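Commentary on secondary and tertiary structure
So the chains spell out like this:
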Amino acid sequence: MISFLFRRQLCYDISLHSDIELTKEIFPKVKDQRVSLIPPGGDHVLSFGFPEYPIISRQGSELILSEMEWSVDPVYEKDPVERKKKRIRMADMRSERVLEDKRSFWYKLRTNRCLIPVSGTYEHRAIQGWAQKVPYYIWPKDRKIQFLPGLYQLFESIGPAGEKIQIGSFGMLTRSANELMASIHNDGEFRHRMPLFLTPELEQFWVSEDFSEDDMQAVFDYCLPSELLDAHTVFSVRGKKPRPDGKPKFEFWKYENLQPLGNDHSTTSHLNLF
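This one's a predicted model, so the numbers in the text were calculated from it and none came from an experiment.

**Section: the overall build of the protein chain**
The helix and strand inventory of the protein chain stands at 9 helices and 13 strands. For 274 residues, the compact-globule formula gives about 19 Å, and the C-alpha radius of gyration of the protein chain, at 19 Å, lands near that figure. The principal-axis extents of the C-alpha atoms in the protein chain amount to approximately 55 × 40 × 40 Å. Among the 274 residues that make up the protein chain, the fraction classed as buried is 50%. Residue pairs at least 24 apart in sequence account for 69% of intrachain contacts in the protein chain once pairs closer than 6 positions are excluded. As presented, the protein chain carries roughly 13600 Å² of accessible surface, and 51% of it is formed by carbon and sulfur atoms. Charge centroids of the protein chain, computed over 37 positive and 39 negative side chains, lie 5 Å from each other.

What follows is the structure in structure tokens.
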């Protein structure tokens, strides 16, 4: 099962090593309702275990900073085994489906807008002639933290003592990649996709009270230029072998004879897809 998931991966790996308190400086009106004041993961957070993660959600007239589980829970699926299988693949969503596919679960959640604070994201690059893909860390230039747009859901469940509890879960929005991200995420079924990176102004707008459904398509159509992102190679992302130098996962790791981004045939051969 896990090998199947690795082949189908999109953006299931993020980093939050920035100070989460920056969120409250950037969104001064947000209400902090976190249960834990310790952010998860640090240099690497993986969606597969549905970790609780701090997000900003627009709930009526309020902005709430609270923990929700990463990967939207498909509550419509009654079989628990199938529900878990489907949920693993609901960590992110294609922005194109939110408005275009009115039968999708994402369309039902379209007004539940949230922001996912991250320091950066991870992705893997396939290189012709190399047996293993090369992992990269990608982060916004000149910003200590960024906020990826997503959608969330709230639903009632039964707690350990039989009480009713409210559980939140969320997914990350994605779109077709810019040139930089296409040259990194250049292989697999979902190649040439990336998170829906936004400017600071669009991040604020995404969770503002003034935002309407009519504004959604314009945000989905926005493609952050490659020059607003930085990227470098790292030692590993999900590998259990520790880095020989003991540094965090997001720190630069040098690969000998690595072709520059955009110069390998495996990347350029697919650039006409978007």
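**Description of the sheet that holds strand 8 (residues 120-125)**
Pairing in this open sheet of 5 strands is antiparallel, and the strands run 3-1-8-9-13 from one edge to the other. Whereas interior strands pair on both sides, the edge strands pair on one side only; in this sheet they are strand 3 (45-46) and strand 13 (229-233). By the bridge criterion, 5 bridges tie strand 9 (residues 134-140) to strand 13 in an arrangement that is antiparallel. The residue of strand 13 that forms the bridge with I138 is A231.

**A word on the pairing of strand 8**
Within strand 8, 6 of the 6 residues are buried, leaving the element largely enclosed by the surrounding structure. A two-sided burial pattern is seen for strand 8, the buried positions comprising G120, Y122 and H124 on one face and T121, E123 and R125 on the other. Pairing of strand 1 (residues 13-15) with strand 8 involves 2 bridges; the strand directions are antiparallel. Following the sheet pairing, S15 is matched in strand 8 by G120. Where strand 8 and strand 9 come together, 5 bridges link them in antiparallel fashion. Counterpart to T121 in the pairing with strand 9 is I138.

**Some remarks on the packing of aromatic side chains**
This structure, assessed with the given rule, holds 12 aromatic pairs. Between Y12 and F48, the aromatic rings sit 5.4 Å apart at their centres with planes inclined by 65°, giving edge-to-face as the arrangement. Separated by 36 residues along the polypeptide, Y12 in the loop between helix 1 (2-7) and strand 1 and F48 in the loop between strand 3 and strand 4 (52-59) bring together distant segments of the chain. There is no split in this pair, since Y12 and F48 are both buried. Seen from their ring centres, Y137 and F250 are 5.8 Å apart, and the 45° between their planes marks the pair as tilted. Note that Y137 is positioned in strand 9 and F250 in the loop between strand 13 and helix 9 (265-268), a separation of 113 residues in sequence. A residue is classified by how much of its surface remains accessible, and F250, at 14% relative accessible area, is buried. Put simply, the rings of Y122, Y137, W139 and F250 pair up and form one aromatic cluster.

**Some words on unusual backbone geometry**
One non-glycine residue, S71, lies in the positive phi region at around 105°. One can find S71 in the loop between strand 5 (62-70) and helix 3 (80-88). By relative accessible area, which is 0% here, S71 ends up buried. The backbone of D142 sits at a positive phi, close to 60°, despite the residue not being glycine. Secondary-structure assignment places D142 in the loop between strand 9 and strand 10 (146-158).

Cut-offs and rules
Residues numbered from 1 in each chain as written. Predicted model: local features only at pLDDT ≥ 70, side-chain atom pairs only at ≥ 80, totals over all residues. Heavy atoms only, no water. Helix = DSSP H or I, 4+ residues; strand = E, 2+ residues; numbered from the N terminus. Rg over C-alpha atoms; globule rule 2.2 N^0.38 Å. Buried < 20%, exposed > 50% of the residue type's maximum accessible area, 1.4 Å probe, protein only. Contact = heavy atoms within 4.5 Å. Areas by Shrake-Rupley, 256 points an atom, 1.4 Å probe, with all protein chains shown as cover. Lys, Arg positive; Asp, Glu negative; His and termini not counted. Charge placed at Lys NZ, Arg CZ, Asp CG, Glu CD. Pairing = 2+ DSSP bridges. Phe/Tyr/Trp six-rings, centres within 6.5 Å; stacked < 30°, edge-to-face > 60°.

In short, shape yes, function no, at least from these values alone.
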